[in-house]
Amino acid sequence: MELTVALGIGTLAGAGVWLILRPRTFQVIIGLSLLSYAVNLFIIVMGRLQTGAPVLASRAAGDPSQYADPLPQALVLTAIVISFATTALFLVVLLASRGFTGTDHVDGREPER
Amino acid sequence: MLLVLPFFGSVIAGLMRSNARNAEAWLAAFVSLLGLVLVSTTYPSLANGGVVKVTLAWVPELGLDFTLRMDGLAWVFAMLVTGIGLLVVVYARYYMSPSDPLPRFFSFLLAFMGAMLGIVLSGNLIQLVFFWELTSLLSFLLIGYWHQSAQAREGARMALTMTSGGGLCLFAGALVLGHIVGSYDLDRVLASGAKIRAHSLYVPSLLLVLLGALTKSAQFPFHFWLPHAMAAPTPVSAYLHSATMVKTGVFLLVRLWPALGGTNEWLWLVGSAGLITFILGAFLAVFQQDLKGLLAYSTISHLGLITLLTGLDTPFGQIAAIFHVMNHATFKASLFMAAGIIDHESGTRDIRRLSGLWRFMPITASLAMVAAAAMAGVPLLNGFLSKEMFFAETIETHDNSLVDRALPYIVTLASMFTVAYSLRFIREVFFGPAPRDLPRAPHEPPFLMRFPAELLVFACLVVGIFPSLTVGPVLATAVRAVLGPSVPEYSLRMWHGFTPELLMSIVALAGGAAVYFTLRRYLLTSKGPPLLRHLNGKRIFEWTLVTLSWRLARWLEGHLGTRRLQPQLQLLVALAFIAALVPLYRQGIALAGSPLTDFDLAFALVWAVGIACALGAAYMAKFHRLAALILLGGAGLVTCVSFVWLAAPDLALTQLMVETVTTVLLLLGLRWLPKRIEGVDGGSRVGAIRWYRARDFIIAVAAGGGLAVLAYAAMILPAPHTISRYFVENAYTRGGGTNIVNVILVDFRGFDTLGEITVVAVVALTVYALLRRFRPAPDSIPVPEQQRAQNVADEAHPDRTKGDTIKDAMATPALIMALLFPVIVTAAVFLLLRGHDQPGGGFIAGITLAIAFILQYMAHGTEWVEARLRILPIRWMGFGLILACGTGAAAWLFSRPFLTSYFSYADVPLVGRIPLASALLFDLGVFALVVGATVLMLIALAHQSVRSHRLPNPPATGARSAPALTKGE
């Protein structure tokens, strides 16, 4: 299972990096989303693969060996929300830039030929 | 008291009405007079070599105290500052025109006086540098006083650049000195001269201090700013640029001589700078056609003389330097005043146009003559005495080099030029035929305008004739403050017998007259000095400025920077890759461990889909945006499933919701993007593009592969002990919840969450603000093709109205959405309430509720929803933020730190036991804010389709011309 996850993270990240290096804004926005999936998964697996969800079974102090690491999960939860906000912001900047410059090239102008 | 007074006066003067001319002058005069009296009353306690010191704690942690320290040297300078200040104020009262804004002038002048006193009275180096920079700044303001003239502005800027640049060097030098000595206290610095000279940092510290002193005193090669500073009003020139400010460099040299002097470096650096300046200034002064220009260069020359005296590195040299500072201040200030009077009464300062003024203003003429004679070193005047000392000092042997042996001859030659320009000043201006076509008819100035100059000239005479009676004791006090008790023999007398010095003086006087009469014809016609005419300091300065701040900056930007995003991102990714690679390369990476979990076929299949989706999205994103978006959603779902598999139910829920909202958002955005034309790139670009793609592909594969390897290597290692342990053990006992992730978010790390929701709110507001002024590209404005087709079809049938097709198509979904609305809202509330114990929480519930709203918009259209449902997203956001903050702040009421939580449980029928922690209120705030922010962003974007956009007029014909048109609006 580790190998599967590692390969998945690698592919997501590779596809994301490829896309953020492309010249069109829409490609970059898709690339950023893919990259954020990869990074979120990467952070999660830093807590190792565990099967017990971090929800206490009884109303008492928990035993750390029984549960998945809650800390990366808390980090990633906020990361998801923030990345949603940045995606929205980027989308609007993209649209505004397209409106101002008439092109969807990331530099705001078409490369010279 | 002494120090605060001028600044206080400055503030009052600054606040006065602009026509309160007399009141300001009186105030300034009173302040100066009071300062003068205060300074002179301290004399008795200094006369025996005593020091008056006042210390206030300033930054005790750094060992810095605010120290005022008055000794003999400081006393002499403080007397000059206040005394000449008083005279200049009286003079300025008559010189300045009624139309000038006088409060500003007197305010700056008084502040300058305060800053000068600050320099001479400073008892530590840092404080000295502070006042030093203050004088540079005020000099800038005073030179630029007539800011309507370009010349004044340029001169002011140049003076500021030079002197404050030097000030920065001095600051660095002071820091180095403080480092060597271990204290910034002046007494301690002066006492550790031997330590400083032996230290390895001696030369850098000397160079830095000298840079400060030489720029301020306008020494070669930094001399050129001073003539341009003459654009200032004449009282300012008299006060700042001859009597006081330019002397601070010399003051600093004399002051620090016990600490820094006595080495070959000092002799050569200071001595040669002084010598060159002395000769160059005297030479250039002869060829000036502007009265003030002549005086400026002569000031430079005399400063050079003083610097040379200091640089000769003997105690006797310091005595002569201090003495000449006093003498120069008196005669040069009076000469400037005379020049100002001539300018004021005749309307010009051009030596070629002036002549024969003796007939019109005999008193001014005689004053100027006596002062000029003092400048030339004519016997019976104070200038003669210090010149004698100077000549005597140059005859002494210092290091017996060639320059040292030639020195008496060189300085005699330079003194000839001094005599020549003094003579020229007198002869051309006051004698000869009566002037023709002057702008004004010259006449004597009012008494009080003349009076300050009279007083100074009187001082020149008295000092010249009875030196030991008048300045003898004062000079002795000042000298003792610098040299300590071991003062060498010196005598202040008119007549020392027939000495080599006297011979030099006579030669200089005779030679100077000869030089003047030889050059006279040339001077009347020439436009500048021979040989050096083309060496324009100002031009070099400007060239340097332009080169440094414009050309070099442009060159660097052009070669090292880029405004293009792609290279920047490439660099970023490459750097991240290298940053990860370096530690791995150094320490190695272990891939030999065995996996902790077994291979799972279902999971592998899920990921096969995920990988395909990711690759597909990467491939399709250019030409098939919708397909790419769907594939992106696929990858997101796989991630979501993985979260379930990896025991992260909260994340899975959040990811699912966010995925939905993101997809809707991007779909809304798609409408405004341009159409892609395939195969538009042709010709020579194909090769380049192929190369770009290959390069990016390599970067992408490297980054992805690297991350995969890193993830795998980390996963097969056993987990280290982290702070997670604490959270698991205390989530219930201290946070009152069983959902550890939620407890972390709203309780343990509540402050982070508060910050985060603030970010979300800011982003939402930014999106909203950006969209309010949104102007789409011209080709996206018309109604989309599909909608047009629908409208045409609708209008073709008589029984259909516009919009019926879409209504019909959406009828079933709309019904379902309407029915689902309460269900989703309930689910959201449920998720919110159980969040503390079970998967759920404010974030998830918030986005769920937002989805409920968005679905209505999608199914029924914007108008329909807004006619029935008013959502005020900004209010939701505000409420959420206030609630979250308020919950945190409520802890203060119970004298607990911000965001301390309290919890208990309540039984609610049907729902069961719900946690009633104060964290729930906090979570409610998060919930409200997330609802508001998400809805705000989506609705703002959705509204763009409803809004009618103005077409740019005239309609754009192509993408190329579009930018200019849209920007113009």
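Here the structure is a predicted model, which means the values were calculated and not measured. (Residues numbered from 1 in each chain as written. Chains lettered and ligands numbered in written order. Predicted model: local features only at pLDDT ≥ 70, side-chain atom pairs only at ≥ 80, totals over all residues.)

Visitor: So what exactly am I meant to see when it comes to the overall build of chain B here?
Guide: Looking only at helices and strands, chain B features 40 helices and four strands. Looking at chain B as a whole, 47% of its 969 residues are labelled buried. Expressed as a percentage of contacts within chain B between residues at least 6 apart in sequence, the contacts between residues at least 24 apart total 77%. (Helix = DSSP H or I, 4+ residues; strand = E, 2+ residues; numbered from the N terminus. Buried ≥ 20, exposed ≤ 12 C-beta atoms within 10 Å, placed from the backbone. Contact = placed C-beta atoms within 7 Å.)

Visitor: Help me understand the overall build of chain A in this model?
Guide: On a plain count of helices and strands, chain A comes out with three helices and zero strands. When the elements of chain A are put in sequence order from the N terminus, they spell out α-α-α. Taking the intrachain contacts of chain A between residues at least 6 apart in sequence as the baseline, contacts between residues at least 24 apart amount to 49%.

Visitor: Would you mind going over the interface of chain B and chain A with me for this structure?
Guide: Bring the parts together and some accessible area is lost; that lost area is often taken as the interface size. The interface of chain B with chain A comprises 105 residues on the first partner and 83 residues on the second. By residue number, the principal contributor to the side of chain B that touches chain A is helix H29 (residues 685–715) of chain B, which donates 15 residues. Partitioned by chemical class, the residues of the side of chain B that touches chain A number 67 nonpolar, 23 polar and 15 charged. (Nonpolar A, V, L, I, M, F, W, Y, C, P; charged D, E, K, R; others polar.)

Visitor: Can you help me understand the nonpolar core in this one?
Guide: Soluble globular proteins: nonpolar side chains tend toward being buried together. Ile143(B), Ile322(B) and Ala371(B) are the most contacted members of the largest nonpolar core, which has 197 residues in total. No other element matches the 18 residues that helix H4 (residues 72–95) of chain B contributes to this core. Beyond its immediate sequence surroundings of up to four residues, Ile322(B) is in contact with Leu73(B), Val76(B), Val254(B), Leu475(B), Ala478(B) and Val479(B). In this structure, Leu21(A), Val664(B), Ile844(B) and Tyr857(B) belong to the second largest nonpolar core, which totals 139 residues. (Core = buried A, V, L, I, M, F, W, Y, C linked by C-beta atoms within 7 Å.)

Visitor: What should I look at first to understand the environment of Asp404(B) in this one?
Guide: Relative to the elements of secondary structure, Asp404(B) occurs in helix H19 (residues 402–430). When the C-alpha positions of Asp404(B) and Leu312(B) are compared, they lie 9.6 Å apart, and in sequence the two are 92 residues distant.

Visitor: Looking at this structure, how should I read helix H38 (residues 873–893) of chain B?
Guide: Since the α-helix advances by 3.6 residues per turn, residues separated by three or four positions end up pointing in the same direction. All names here are of chain B. Its 21 residues give H38 an end-to-end C-alpha distance of 30 Å, which sits within 8% of 30 Å, the value for a rise of 1.5 Å per residue. Among the residues of H38, Pro-873, Trp-876, Met-877, Gly-880, Leu-881, Ala-884, Thr-887 and Gly-888 are the ones counted as buried. Residues of H38 that are buried make contact with helix H32 (750–772) and helix H39 (918–946). (Expected span 1.5 Å × (residues − 1).)

Visitor: I'm lost on unusual backbone geometry in this one. Help?
Guide: All names here are of chain B. Cis geometry marks the peptide bond from Phe-220 to Pro-221, where omega comes out at 0°. Structurally, the position occupied by Pro-221 is in the loop between helix H10 (202–216) and helix H11 (225–228). Its identity as a non-glycine residue notwithstanding, Ala-218 has a phi of 55°, on the positive side. Of the residues examined, Ala-218 has 29 C-beta atoms within 10 Å and is grouped as buried. In this model, Asp-313 sits at a positive phi of 70°, which is unusual for a non-glycine residue. Structurally, Asp-313 can be placed in the loop between helix H15 (291–311) and helix H16 (315–346). Overall, Asp-313 belongs to the buried group, with 20 C-beta atoms counted inside 10 Å.

Visitor: Mind showing me how you'd approach the packing of H16(B) against helix H17 (residues 362–376) of chain B here?
Guide: Think of two packed helices as two axes; the pair is described by the angle between the axes and how far apart they sit. Residue and element names in this part refer to chain B. Interaxial distance between H16 and H17 falls to 9 Å at its minimum, and their mutual angle equals 145°. The crossing of H16 and H17 is left-handed. On H17, the residues touching Phe-331, Ser-334, Leu-335, Ala-338 and Ile-341 of H16 are Thr-364, Leu-367, Ala-368, Ala-371, Ala-372, Ala-374 and Met-375. Here the contact of H16 with H17 is composed, by residue class, of 10 nonpolar, two polar and no charged. (Axes fitted to C-alpha atoms, helices over the stretch in contact; angles between N-to-C directions. Left-handed = near helix turned anticlockwise from the far one by under 90°.)

Visitor: Hey, could you run me through H32(B) in this one?
Guide: Taking 1.5 Å per residue as the helical rise, H32(B) with its 23 residues ought to reach 33 Å, and the 33 Å between its terminal C-alpha atoms agrees with that figure. Every buried residue of H32(B) is listed here: Gly750(B), Thr753(B), Leu754(B), Glu756(B), Ile757(B), Val760(B), Ala761(B), Val763(B), Ala764(B), Val767(B) and Leu771(B). Against helix H3 (70–101) of chain A together with helix H31 (740–748), H38 and H39 of chain B lie the buried residues of H32(B).

Visitor: Just to check I follow, could you spell out the packing of H3(A) against helix H28 (residues 649–670) of chain B for this structure?
Guide: Between H3(A) and H28(B), the shortest axis-to-axis distance is 10 Å and the interhelical angle comes to 0°. As far as their axial angle goes, H28(B) and H3(A) are roughly parallel. Within the contact between the two elements, H3(A) uses Gln73(A), Val76(A), Leu77(A), Ile80(A), Val81(A), Phe84(A), Thr87(A), Ala88(A), Leu91(A) and Leu95(A) and H28(B) uses Asp650(B), Leu651(B), Thr654(B), Gln655(B), Val658(B), Val661(B), Thr662(B), Leu665(B), Leu666(B) and Gly669(B). In terms of residue class, the contact of H3(A) with H28(B) is built from 13 nonpolar, six polar and one charged. (Parallel < 35°, antiparallel > 145°, perpendicular 65-115°, else oblique.)

Visitor: Explanation requested: the confidence of the model for chain B in the structure shown.
Guide: Predicted coordinates in regions of low pLDDT should not be interpreted in detail. Residues and elements named next belong to chain B. Overall, the predicted model of chain B reaches an average pLDDT of 81, with 90% of residues at or above 70. Contacts from residues 952–969, a stretch scored under 50 in pLDDT, to residues over four places away or in other chains number 22 contacts. Across the interface, the model reports ipTM at 0.91; the global pTM reads 0.63. (pLDDT = per-residue confidence, 0-100.)

Visitor: What am I meant to see in the environment of Phe751(B) here?
Guide: Positionally, Phe751(B) belongs in helix H32. Sequence separation of Phe751(B) and Gly888(B) is 137 residues, and the distance between their C-alpha atoms is 8.6 Å.

Visitor: Can you help me understand the confidence of the model for chain A in this one?
Guide: In the predicted model, chain A carries a mean pLDDT of 83, and 87% of its residues have values of at least 70. Mean pLDDT values over the elements of chain A span from 86, in H3(A), up to 90, in helix H2 (residues 25–45) of chain A.

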